[in-house]
Every structure is written in structure tokens, then in C-alpha cells.
Amino acid sequence: MSPLQEQLVALGAVFEAAVLADRLARTGQISEAGLGCMFGSLLARDPKNTLEVYGGDDFSLRDGYKSLHSALSRDPATLQREPLRYALAMIALERKLDRRDDMLDVIGSRLEQIRLQVGHFGLTHDNVAAAFGGLYQDTISTFSQRIQVHGEMRYLQQAGTASRIRGLLLAGIRSARLWRQLGGHRWQLVFSRGKLLRELQPMLDRQ
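No experiment lies behind these values; they were computed from the predicted model shown. (Residues numbered from 1 in each chain as written. Predicted model: local features only at pLDDT ≥ 70, side-chain atom pairs only at ≥ 80, totals over all residues. Heavy atoms only, no water.)

**A closer look at the pattern of salt bridges**
Phase 1: Within the structure shown, the criterion is met by 15 salt bridges.
Phase 2: Of the charged contacts in the structure, one is a salt bridge between R26 and D22, with a shortest N-O distance of 3.0 Å. Taken as a pair, R26 and D22 lie in helix α1 (residues 3–27) at a separation of four residues, close to a single helical turn.
Phase 3: Note on R26: relative accessible area 44%, which makes it partly exposed.
Phase 4: Note that R180 is salt-bridged to E94, the shortest N-O span being 2.8 Å. Pair noted here: R180 is in helix α9 (residues 159–181) and E94 is in helix α5 (residues 81–98), with a separation of 86 residues, a long-range link.
Phase 5: Shared partners join several salt bridges into a network, and the residues in it are E94, R95, D98, R177 and R180. (Salt bridge = Lys/Arg side-chain N within 4 Å of Asp/Glu carboxyl O. Helix = DSSP H or I, 4+ residues; strand = E, 2+ residues; numbered from the N terminus. Buried < 20%, exposed > 50% of the residue type's maximum accessible area, 1.4 Å probe, protein only.)

Right, dumping it as C-alpha cells:
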């Protein structure tokens, strides 16, 4: 993979988290595989490459790639407005998080505890989702800028759904951090759209 494609994997994961959060808020359901990919990315340690963060391939990121593609192409017919809003908010929140070493330490410590829970319950268990959601509430949710997720109240009011959505947002912010560490920058989304689309298209075609 080229360096730009590595960036697109991480950026696609930001959009994947956004798409899944939106779908969960609107329908109350997402695939276990998609949720597991995003939750697993929070616990990845010493990955050999970017794909390894997401389970070794990018199959579970295909909806994120599609959403990213529609955002970059600015096609009104395919633009997913809520996922785009969530993705941009996660990128902005990651920049705020980067200036908070204390919060990063808390997140790192709590993720180690969650890793132990995963060993007992499994990656997508309700208890694990609650732990991810609680971590998001205790850290990211304390910023003045917050992500307002829109959807069906009957789903948003369910504790398990709310926890999964918060966990997905946390995973999206982690992927935004990875994207930036790989050289990604918000200005690329404005001034390098054509180049990003050219690199993204073959990644979509092979899905």
C-alpha cells in the first residue's frame, strides 16, 4: 500500500464508525462484524501495518469507503450528511484530545482494563460495549464540543444502543488519530479531493 492509501484506510475507518453510529441510531441494528472491527481497533497493540488495526483487511470498512467517496465527490445524490457530520466532528475532537496528555493517559489505562473484559466476555458483549461507552462519557464527552447523534428516540434511549454508539465514536476518534499520525490533514479533504478519489477508487473496486 502507498502512504496515501494507508491514510485512506484510517480515514475510511473514521467514516465507517460514523456510518455505523448513524445506522445504529436510526435502525437499532448493525452487523456484529462491523462493530467488532471498530471495537477491535481500539485495542490493537503494535500493529505491523494500518490494515492490521482493523483485523488484517479492509473488508469491514467498505461502507466507510463509500461514505468517504460520496463526501469527496460532493455528489448530492449519494452524500450521507449525518455520517459526514459525525466524521468531521470526530476529526475535530481528536485534535482537542491530542492536547490533553492527562486524558490520553486515562484512555490508555482504561483500554487495558477493557482488554481484560474482552478476554472474559468477547469483543461485542454488552459489558464491553458499556465499558467503551463509559470511557467515552468520562473523557471525550467532557469537551465543550460534543457530537449530537440524531436518530430514533426508541433506540437512542436504550442503554445498550447508546453505549455502542459512544464506543463507535471513540473508535472513530482513535482512527482519526491514526490518520493524522500517518500524515493525514483536514486540508486534504478540501484541496486534495481529486488525488484522494483516485487512490480511493481501486480500494473500493476490490471490495
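**Some remarks on helix α11 (residues 193–205)**
Phase 1: Relative to the 18 Å expected for 13 residues at 1.5 Å per residue, α11 spans 18 Å between its end C-alpha atoms, a close match to the ideal helical length.
Phase 2: Among the residues of α11, L196, L197, L200, M203 and L204 are the ones counted as buried.
Phase 3: Buried positions along α11 lie against α1, α4 (62–73) and α10 (188–191). (Expected span 1.5 Å × (residues − 1). Contact = heavy atoms within 4.5 Å.)

**As for the environment of L61**
Phase 1: Here L61 shows up in the loop between α3 (50–53) and α4.
Phase 2: A relative accessible area of 0% means that L61 is categorised as buried.
Phase 3: Sequence spacing of L61 and Q7 is 54 residues, and the spatial spacing of their C-alpha atoms is 13 Å.
Phase 4: Among residues more than four places away in sequence, those in contact with L61 are V9, A13, E16, C37, M38 and Y54.

**Some words on the packing of aromatic side chains**
Phase 1: What the rule picks out here adds up to two aromatic pairs.
Phase 2: Look at F39 and F132: their rings are 4.6 Å apart centre to centre, the planes differ by 50 degrees, and that puts the pair in the tilted class. Of the two residues, F39 is situated in helix α2 (residues 32–42) and F132 in helix α7 (residues 126–138); the sequence distance between them amounts to 93 residues.
Phase 3: Measuring from centroid to centroid gives 5.6 Å for W187 and F191, while their planes differ by 25 degrees, and the two rings are stacked.
Phase 4: Judged by relative accessible area, W187 falls into the exposed class, the value being 54%.
Phase 5: The ring of F59 has R62 lying over it, and the distance from NZ or CZ to the ring centre is 4.1 Å. (Phe/Tyr/Trp six-rings, centres within 6.5 Å; stacked < 30°, edge-to-face > 60°. Lys NZ or Arg CZ within 6 Å of the ring centre and 35° of its normal.)

**Here we look at the nonpolar core**
Phase 1: Ranked by size, the top nonpolar core spans 67 residues in total, and within it M38, Y54, M90, I114, F132 and I147 carry the most contacts.
Phase 2: Counting residues per element, this core draws most heavily on α1, which supplies 14 residues.
Phase 3: Excluding its chain neighbours within four sequence positions, the residues that come into contact with M38 are A13, E16, A17, L20, Y54, L61, L168 and A171. (Core = buried A, V, L, I, M, F, W, Y, C linked by side-chain atoms within 4.5 Å.)

**Remarks on the side chain of E16**
Phase 1: One can find E16 in helix α1.
Phase 2: Among buried Asp, Glu, Lys and Arg side chains, E16 stands out as unpaired, with R23 the closest opposite charge at 5.6 Å.
Phase 3: Setting aside residues no more than four positions away along its own chain, E16 makes contact with M38, S60, L61, R62, D63 and G64. (Lys, Arg positive; Asp, Glu negative; His and termini not counted.)

**Quick look at unusual backbone geometry**
Phase 1: The phi angle at D46 is positive, at roughly 50 degrees, despite the residue not being glycine.
Phase 2: On the basis of relative accessible area, D46 is assigned to the exposed category, the value being 74%.
Phase 3: A positive phi angle, near 55 degrees, is found at R74, a position not held by glycine.
Phase 4: Structurally, the position occupied by R74 is in the loop between α4 and α5.

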